[in-house]
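Per-entry structural report
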Amino acid sequence: MESVVTRTTTLSVVIPMFNESAVIPALVARLRPVLDALGVDYEVVAVDDGSRDDTVSVLFDHGRDWPQLRVLRLRRNSGHQAALTAGLHRAVGQWVVSLDADLQDPPETIAEMLRVAREDGVDVVYGVRADRSTDTVFKRNSARGYYWAMRRLVGVDLPAQAGDFRLLSRDVIEALRRLPERAPVYRLLVPSLGFPSAEVRYDREARAAGETKYPLRRMVALAWESTANFSAAPLRLATWLGMSSFLLCLALIVFGMVVHVSGTTIPGWTSMFVAVLLLSGVQLVCLGLLGEYVGRIYATVQNRPAFHIGFDSLDDLPGAGTAARGRVEGDSRTSDFGSVVGIRG
C-alpha cells in the first residue's frame, strides 16, 4: 500500500473505527468519490480502536488501490474520543474533518463544509442534524436532553444537534494539541475555544451496517464525562446538600431545646435514627462526588497516555527503512504491512 500524503495535504478525514468491517466497503464507495471530486490533496486517517474483527484487514484490502487511505491502529480499545484524539493529533491536513464510519453523517456534506469554511473565513464548521427521523425516539429524546443539560451546566455556546461531525482548521487542531485534556469531549471542547464557526445542516441517515457503538451505558458515560470535565456543578450540588443538612440540623437543635424547656418527652431512638440516616446519606453523596474529582486529579498526576499507537502506515515499520521520511517529502514508497498485522493476501 503506497502513501501519497505530503506536507501540503489540504484535507484530512479522521474516522474512528471499532468492529466496523461490515460497513467499510459502503463507506469507501461513498467517501472516495466525494474526496476525489474536491480536486485537492487529501488523506483519510482510519483509526482502528482495537477492533476484534477484521477491520484492519478490510482497510488494507481497500488501501491497495487507494493510496490516500492511511491506517492508524491503537494497541487496545481506548474509546471513541481517545481514537478521535489519536487521529486529530496525527492528521497533517490544513483542514481536518472528523467522521463516523456508520454513514449516518453523509460524506457528501464534506464538500459543503470545506466551501463554507473557505468562503466565510471560519475555523470550525459544525455538521448539524436537521432531521433525525432515522434515529429511535429514545435516541432523539436523550440527545435533546443532553444538549439541554450541557447548555445549562457547562454554559458554552453548544450548537444544537451537533455531534462529532465537524471540520476544523489547522489553527484549531494545534490549539487542541496544546491542551492538557486527558479525556477530551470534543463536542464541548471545540465550542469552548471560541474560534469563528459556521453550521451546515443535513439529514441524518440510517446506519449502513453493523451495530451502534453508543448504547445507553456509553451515552450515560459521555454525559458524565461532559459534566465532570467542563463544570463544577456536581461539587456545587454537594455544597448545597451540605448547607441544607446544616440548616436542618440547626432547626432540629432549636426544636429539641423548645421541647426540652416545655417538658415534653421526645422518643430518642426515632429522632436519632432519622438524623443519623440523613446526615450519613448526605455525607456519602458528598464523598462520592469529591471522590470522582480526586480520581481525575490522580489520573492527571499519573500522566498516563489515553491511547497507545501500535503502528501508523505513514511511519516506518520494521524493515521499512526510511519510507516514512520519503513519503512525507512526497516520495511514495511501498511498505509490507502484511507481515506486521497479518492481513489477508
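Computed from a prediction, not measured in an experiment: that's the story for all the values here.

Below, the discussion takes up helix 1 (residues 24–38). The end-to-end C-alpha distance of helix 1 is 21 Å, a good match for the 21 Å that 15 residues give at a rise of 1.5 Å each. Those residues of helix 1 that are buried lie in contact with strand 1 (11–17), strand 2 (42–48), helix 2 (55–63) and helix 4 (109–120). With its phi angle positive at about 75 degrees, G39 sits one or two positions after the end of helix 1.

On the basis of which strands lie adjacent, the open sheet formed by eight strands has the order 7-5-6-4-1-2-3-8 and mixed pairing. Two strands bound the open sheet, and with one partner strand each, they are strand 7 (197–203) and strand 8 (309–312). Strand-to-strand twist of the sheet, defined as the mean angle between neighbouring strand axes without regard to direction, takes the value 20 degrees. Sheet topology note: the strand 5 (residues 124–131)/strand 7 ladder contains seven bridges and is parallel. Considered in strand 7, the bridge of D131 is made with D203. Contacts from helix 7 (residues 186–193) reach strand 5 and strand 6 (162–169) within the one sheet, and its direction differs from that of strand 6 by about 45 degrees.

This part takes up the packing of aromatic side chains. Inspection of the entire model under this criterion finds one aromatic pair. Centre to centre, the rings of F165 and Y202 are 5.5 Å apart; their planes meet at 80 degrees, and the pair counts as edge-to-face. Placement of the pair is F165 in strand 6 and Y202 in strand 7, with a sequence separation of 37 residues. Since its relative accessible area comes to 1%, F165 is described here as buried. By relative accessible area, which is 5% here, Y202 ends up buried.

A few words on the pattern of salt bridges. For the structure on display, the rule yields 12 salt bridges. In this structure, the salt-bridge partner of E112 is R115, at a minimum N-O distance of 2.5 Å. Here the residue E112 and the residue R115 both occupy positions in helix 4, the gap between them amounting to three residues, near one helical turn. What makes R115 partly exposed here is its relative accessible area of 36%. With a shortest N-O distance of 2.5 Å, R115 and E119 are connected by a salt bridge. Within this pair, R115 and its partner E119 are both found in helix 4, separated by four residues, close to a single helical turn.

Caution is warranted with low-pLDDT regions, since their predicted coordinates should not be read in detail. The pLDDT averaged across the protein works out to 77; a share of 68% of its residues lies at or above 70. Ranking the elements of the protein by mean pLDDT puts helix 11 (residues 323–328) last, at 38, and strand 4 (residues 95–98) first, at 97. In this model residues 317–345 is a low-confidence stretch, pLDDT under 50, and it forms 56 contacts with partners more than four residues away in sequence or in other chains.

To continue, consider a nonpolar patch on the surface. On the surface, L248, L252 and L278 cluster together to form a nonpolar patch covering roughly 230 Å² of accessible area. Assignment of secondary structure puts L278 in helix 10 (residues 268–302).

Time to look at the nonpolar core. Within soluble globular proteins, side chains that are nonpolar generally end up buried alongside one another. Of all hydrophobic cores here, the largest spans 39 residues; its most connected members are L11, V13 and L31. Residues contacting L31, with those up to four places away along its chain left out, are V13, I15, V44, W66, L99, P107 and I110.

Following the sequence through the fold, P106 ends up in the loop between strand 4 and helix 4. Note on P106: relative accessible area 8%, which makes it buried. Taking the C-alpha atoms as reference, P106 lies 7.4 Å from R204; in sequence the two are 98 residues apart. Contacts of P106, omitting those with residues within four sequence positions, involve R30, F165, Y202, D203 and E205.

So, on to unusual backbone geometry. Backbone geometry places N19, a non-glycine residue, at a positive phi of 55 degrees. Residue N19 is classed as partly exposed on the basis of its relative accessible area of 23%. A positive phi is found at L103, a non-glycine position, where the angle reads about 65 degrees. The residue L103 is located in the loop between strand 4 and helix 4 in this model.

Moving on to the pairing of strand 5. When a strand is regular, its side chains alternate between the sheet's two faces. Among the eight residues of strand 5, six are classified as buried, and the element is accordingly described as predominantly covered. Sheet topology places strand 5 next to strand 6; four bridges connect them, and they run antiparallel. Counted as the bridge partner of V128 is A162 from strand 6.

A few words now on helix 3 (residues 80–90). In terms of burial, helix 3 is a largely internal element, nine of the 11 residues being buried. Regarding helix 3, the residues found buried are H80, Q81, A82, A83, L84, T85, A86, G87 and L88.

Take the environment of L59 next. Structurally, L59 can be placed in helix 2. Judged by its relative accessible area of 2%, L59 is buried. Ignoring sequence-local partners within four residues, the contact set of L59 consists of M17, I24, A46, L69 and V71.

What counts, and where the lines are drawn
- Residues numbered from 1 in each chain as written.
- Predicted model: local features only at pLDDT ≥ 70, side-chain atom pairs only at ≥ 80, totals over all residues.
- Heavy atoms only, no water.
- Helix = DSSP H or I, 4+ residues; strand = E, 2+ residues; numbered from the N terminus.
- Expected span 1.5 Å × (residues − 1).
- Contact = heavy atoms within 4.5 Å.
- Pairing = 2+ DSSP bridges.
- Axes fitted to C-alpha atoms, helices over the stretch in contact; angles between N-to-C directions.
- Phe/Tyr/Trp six-rings, centres within 6.5 Å; stacked < 30°, edge-to-face > 60°.
- Buried < 20%, exposed > 50% of the residue type's maximum accessible area, 1.4 Å probe, protein only.
- Salt bridge = Lys/Arg side-chain N within 4 Å of Asp/Glu carboxyl O.
- pLDDT = per-residue confidence, 0-100.
- Patch = residues over 30% accessible without salt bridge, like charges linked within 9 Å, V, L, I, M, F, W, Y side chains within 5 Å.
- Areas by Shrake-Rupley, 256 points an atom, 1.4 Å probe, with all protein chains shown as cover.
- Core = buried A, V, L, I, M, F, W, Y, C linked by side-chain atoms within 4.5 Å.

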